[in-house]
Amino acid sequence: MKTTPIFYKNYIAATALFVLGNGVIFLPAYSGENLILSYLLAFASGVIICYLSTFLAKFSYSENKSFKAFKIIIFIFLCVFSVYTAAQCFIDFTNFVSEIMLPSFSKAIINLSFVLTVAFYQFKRQENILKFSLLAFVGATVLILLFLLVLGEEFETKNISFSFNFKDIFLQSKDYFLSVFLPILILPFYQKKVFKKSDFKTNFIGLLIGSALLLCCVLTSALLFGGSLTTRLFYPYASAVSTVSVGKLFTRMDGFSYILYFVSAITKINLCIFVCLSALKETNRLTKK
């Protein structure tokens, strides 16, 4: 695929949705104390991972025949990690649908329906998935900023505090790091395979935008409910959005958050599956040389 300005924007949009992924469903998992600092620490770690992964993607797909065994190890790890990341996102989303959206439906039917949806996009060309990502990103951004604006009057700034307890900051950052920022290492490999290039700047822009949007979601829950209540909620952002009412027509807006969850999850899963299959092909190609 050629790296045209249009698809450049699409890839950034896909990256931002990938960052939102399943993290937007269940985060924050901790109280508002040091929430911002722990998030920023995890984000900084994500930037480092993104930089290193960009280098590894260039190295792994290079025609240099040296270090073949090391390249095989990288692709095997990438394949396994992509499957794990996709599975975790799938589980988080389908659990949410089963428990909140369709509690009376069979979990098996919900899982099968989502599997078929994922499979449908897998049979599409990456241009189609990237076009979907751009449209979904625009809608997701509008929704996140709208909810932030509407709920702003209810926010309590005292719910966010800073104790500068470094042990606490580190422990809280772990969830953000493991579920949101560690999977970022997948993206440069996707970019290299699809666009035949991998550059840190593009990945960083997508990572920055996605992280900013996710932080808006995390802060919305924390500022509205406070730390003690937020940590007891399984799906804090959906709970926050459920309190929104716009006039007499839209008395409950949590249905719109479900759209956000769907587009983020479907994008993250599809990118992971594509990278996994690509890594398998590269592993097979290298082993036959």
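We now turn to the structure provided with this report. (Residues numbered from 1 in each chain as written. Predicted model: local features only at pLDDT ≥ 70, side-chain atom pairs only at ≥ 80, totals over all residues. Heavy atoms only, no water.)

1. With respect to the overall build of the protein
Let me state the cut-off plainly: Elements are defined by DSSP. Helices are runs of H or I of four residues or more, strands are runs of E of two residues or more, and each kind is numbered from the N terminus. Each residue is placed in one exposure class: buried if its accessible area under a 1.4 Å probe, protein chains only, is under 20% of its type's maximum, exposed if it is over 50%, and partly exposed if it falls in between.
Secondary structure assignment for the protein yields twelve helices and zero strands. Secondary structure of the protein in N-to-C order comes out as α-α-α-α-α-α-α-α-α-α-α-α. Counting every position in the protein, which comprises 289 residues, the buried fraction comes to 51%.

2. Thoughts on the nonpolar core
Here is the rule we go by: Residues enter a nonpolar core if they are buried and are Ala, Val, Leu, Ile, Met, Phe, Trp, Tyr or Cys, with the set joined through side-chain atoms within 4.5 Å. By definition in these notes, contact holds between two residues if any of their heavy atoms fall within 4.5 Å.
Membership of the largest hydrophobic core comes to 91 residues, with the highest contact counts inside it found for V24, Y237 and Y261. The leading source of residues in this core is helix α12 (residues 254–287), at 14 residues. Those residues in contact with Y261 that lie beyond four places of it in its chain are V24, I25, F93, F96, Y237 and A238.

3. So, helix α9 (residues 200–225)
So the rule is basically this: The span one expects for a helix is its residue count, reduced by one, times 1.5 Å.
With 26 residues, α9 extends 37 Å between its outermost C-alpha atoms, agreeing within 8% with the 38 Å of an ideal straight helix rising 1.5 Å per residue. Within two residues after α9, G226 carries a phi angle of roughly 85°, on the positive side.

4. Looking at unusual backbone geometry
The backbone of K196 shows a phi angle near 65°, a positive value even though the residue is not glycine. If you trace the backbone, K196 turns up in the loop between α8 (187–195) and α9.

5. Topic: the packing of helix α4 (residues 68–101) against helix α5 (residues 107–122)
As a reminder, the rule being used: To get an axis, fit a line to the C-alpha atoms, keeping to the stretch in contact for a helix; angles then go from 0 to 180 degrees between the N-to-C directions. Angles are sorted into four bins: roughly parallel if under 35 degrees, roughly antiparallel if over 145, roughly perpendicular if 65 to 115, and oblique for all others. In this scheme the handedness of a crossing depends on how the near helix is turned from the far one: anticlockwise by less than a right angle means left-handed, clockwise means right-handed. Here the nonpolar group is Ala, Val, Leu, Ile, Met, Phe, Trp, Tyr, Cys and Pro; Asp, Glu, Lys and Arg are the charged ones; every other residue, Gly included, is treated as polar.
Between α4 and α5, the least distance of the axes is 10 Å, while the angle of their chain directions is 130°. With respect to each other, α4 and α5 are oriented oblique. Where α4 crosses over α5, the two elements pack in a sense that is right-handed. Of the residues in α5, those in contact with F90, F93, T94, N95, V97 and S98 of α4 are K107, I110, N111, F114 and V115. Classifying every residue of the contact of α4 with α5 gives six nonpolar, four polar and one charged.

6. A look at the packing of helix α3 (residues 35–60) against α4
Each pair of packed helices gets described by two things: the angle between the helix axes and the distance between those axes. Across the interface, α3 lies against α4 with an axial gap of 10 Å and an inter-helix angle of 125°. In terms of orientation, α3 and α4 fall into the oblique class. Between α3 and α4 lies a crossing whose hand is left-handed. The residues of α4 that touch α3, namely those facing L56, F59 and S60, are F70, K71, I74 and F75. In terms of residue class, the contact of α3 with α4 is built from five nonpolar, one polar and one charged.

7. Remarks on the pattern of salt bridges
Note the following rule: A carboxyl oxygen of Asp or Glu within 4 Å of a side-chain nitrogen of Lys or Arg is what we treat as a salt bridge.
All told, the structure shown has three salt bridges when counted by the stated rule. As a salt-bridge pair, K193 and E282 come within 3.6 Å of each other at their nearest N and O atoms. Of the two residues, K193 is situated in helix α8 and E282 in helix α12; the sequence distance between them amounts to 89 residues. Residue classification places E282 among the buried residues on the basis of a relative accessible area of 7%. The residue E282 makes a salt bridge to R285 at a minimum N-O spacing of 2.7 Å. Of this pair, E282 and R285 both sit in helix α12, three residues apart, which is roughly one turn of the helix. Residue class for R285 comes out partly exposed when judged on its relative accessible area of 31%.

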